[in-house]
Amino acid sequence: MGIQVENVSKQFGSFKAVEDVNLEIETGSLVALLGPSGSGKSTLLRLIAGLEAPDRGRIYMTGRDVTEQSVQNRQVGFVFQHYALFKHLTIRKNIAFGLEIQKYPKNRVKNRVDELLELVQLHGLGDRYPSQLSGGQRQRVALARALAVEPSVLLLDEPFGALDAKVRKDLRSWLRRLHDEVHVTTVFVTHDQEEAMEISDNIVVMNKGAIEQIGSPAEIYDQPASPFVMSFIGPVNILPGTAQIFRSSHRSEQSQMFLRPHDVLIETTSDKDTAPAIVSRLIHLGREIQTELTLEDGQVVNAYLTREQYNRLNLKPNQRVFVKPKAAKSFELQKV
């Protein structure tokens, strides 16, 4: 097992940042810690890194109990959101920094830096300074520096958060390819659901200091374990069990229905399972069209259509249509 967290808790004053967390991360896997601000994901990452000490519980890496060990003795590479590169050092010197601190032979340092520049696709840029690189290139330098000392675990704290959308998407694909090449156990923190789904082998969904669910991207999306996971991972319509669209399903009045926009079927003719609706708004999102529908009981439902579906239906604002759920998930209302 690459990383094992046992009954770990961490409190700051009266705030419980992480509470009784248990987590196992397989060697060589890439795992996302996903959740909103304040969910405990960054605190958990810092506990694994040794930047924070747990109030209770134990942390193991590759079978070793590292709970009491310093950051330096945990063999971790850490990459922050804001690069943290040395501005006065060249790219080559930035990558070599950890190796030189550990007094590696000069020849070995040069070979390792050359290898990493090639790996992160910055060959030929080693003599430049951080200010001469783009944001995406600087983040790749930060990753190369973290990998230089051959860590057993690589920890990334929202590494692409400061970058624009296009660069962020490109770097996500690049990081996945890089991981498949180096196979270092990797944990990265993100609040971006799409990022977690695209990159990771498994996702750990956190909320209020606890783990809500652990699973593959497909499991998290298709088999959510709680209303929080269902509503946090991907777009969703949240409706009472009595909503008109579910009238043929005999749902409980004490339940909430969660329905993905992709799972709303729209037809121009009715049948016994459909509910009438009015097309309130059409939003063109490029490859798909978001359709806002108002049911007769006043409930608003969003549906996503492919361009082919949209063209077939030939929808217009204020048009009367008929809708039904293709798939929906029910959760009982929580008693307060």
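Quick note: structure is the one above.
Reading the values: rules and limits
Residues numbered from 1 in each chain as written. Predicted model: local features only at pLDDT ≥ 70, side-chain atom pairs only at ≥ 80, totals over all residues. Heavy atoms only, no water. Pairing = 2+ DSSP bridges. Helix = DSSP H or I, 4+ residues; strand = E, 2+ residues; numbered from the N terminus. Axes fitted to C-alpha atoms, helices over the stretch in contact; angles between N-to-C directions. Parallel < 35°, antiparallel > 145°, perpendicular 65-115°, else oblique. Left-handed = near helix turned anticlockwise from the far one by under 90°. Contact = heavy atoms within 4.5 Å. Nonpolar A, V, L, I, M, F, W, Y, C, P; charged D, E, K, R; others polar.

Visitor: Even after reading the chapter, I still don't get the pairing of strand β2 (residues 15-25), so can you show me in this structure?
Guide: The two faces of the sheet receive side chains in turn, since in a regular strand these alternate between them. Both strand β1 (residues 3-12) and β2 contribute to a ladder of seven bridges, which runs antiparallel. Across the sheet, glutamine 11 pairs through a bridge with lysine 16, a residue of β2. Counting the residues between successive antiparallel strands, the hairpin from β1 to β2 contains two residues, one of them, glycine 13, with a positive phi of roughly 65°.

Visitor: Would you take a moment to explain the sheet that holds strand β18 (residues 329-332) for this structure?
Guide: As a general point, the strands of a sheet are linked pairwise by backbone hydrogen bonds and lie either parallel or antiparallel. Strand order in this open sheet of three strands is β11-β12-β18, and the pairing throughout is antiparallel. Bordering the open sheet on either side are β11 (237-240) and β18, each of which pairs with just one other strand. Sheet twist, expressed as the mean angle between neighbouring strand axes with direction ignored, is 30°. Relative to β18, strand β12 (residues 255-259) runs antiparallel, the two being bridged by four bridges. Its bridge partner lying in β18, serine 255 is registered against glutamate 332.

Visitor: What exactly am I supposed to notice about the packing of helix α2 (residues 91-101) against helix α4 (residues 135-148) here?
Guide: A packed helix pair is summarised by two numbers, namely the angle formed by the two axes and the spacing between the axes. α4 packs onto α2 with a crossing angle of 25° between their chain directions and a minimal axis gap of 7 Å. If you check the angle between α2 and α4, you find them roughly parallel. The two elements α2 and α4 cross, and the hand of that crossing is right-handed. The segment α2 lies against α4, with Ile91, Asn94, Ile95 and Leu99 engaging Val141, Ala144, Arg145 and Ala148. Residue composition of the contact of α2 with α4, by class: six nonpolar, one polar and one charged.

Visitor: Looking at this structure, I do not really get the packing of α2 against helix α3 (residues 106-119). What am I missing?
Guide: Closest axis-to-axis distance for the α2/α3 pair is 10 Å, and the angle between their directions is 130°. Accordingly, the angle class assigned to the pair α2 and α3 is oblique. For α2 against α3, the interelement crossing comes out right-handed. Listed contacts from α3 to Ile91, Arg92, Ile95, Ala96, Leu99 and Glu100 of α2 are Val109, Lys110, Arg112, Val113, Asp114, Leu116 and Leu117.

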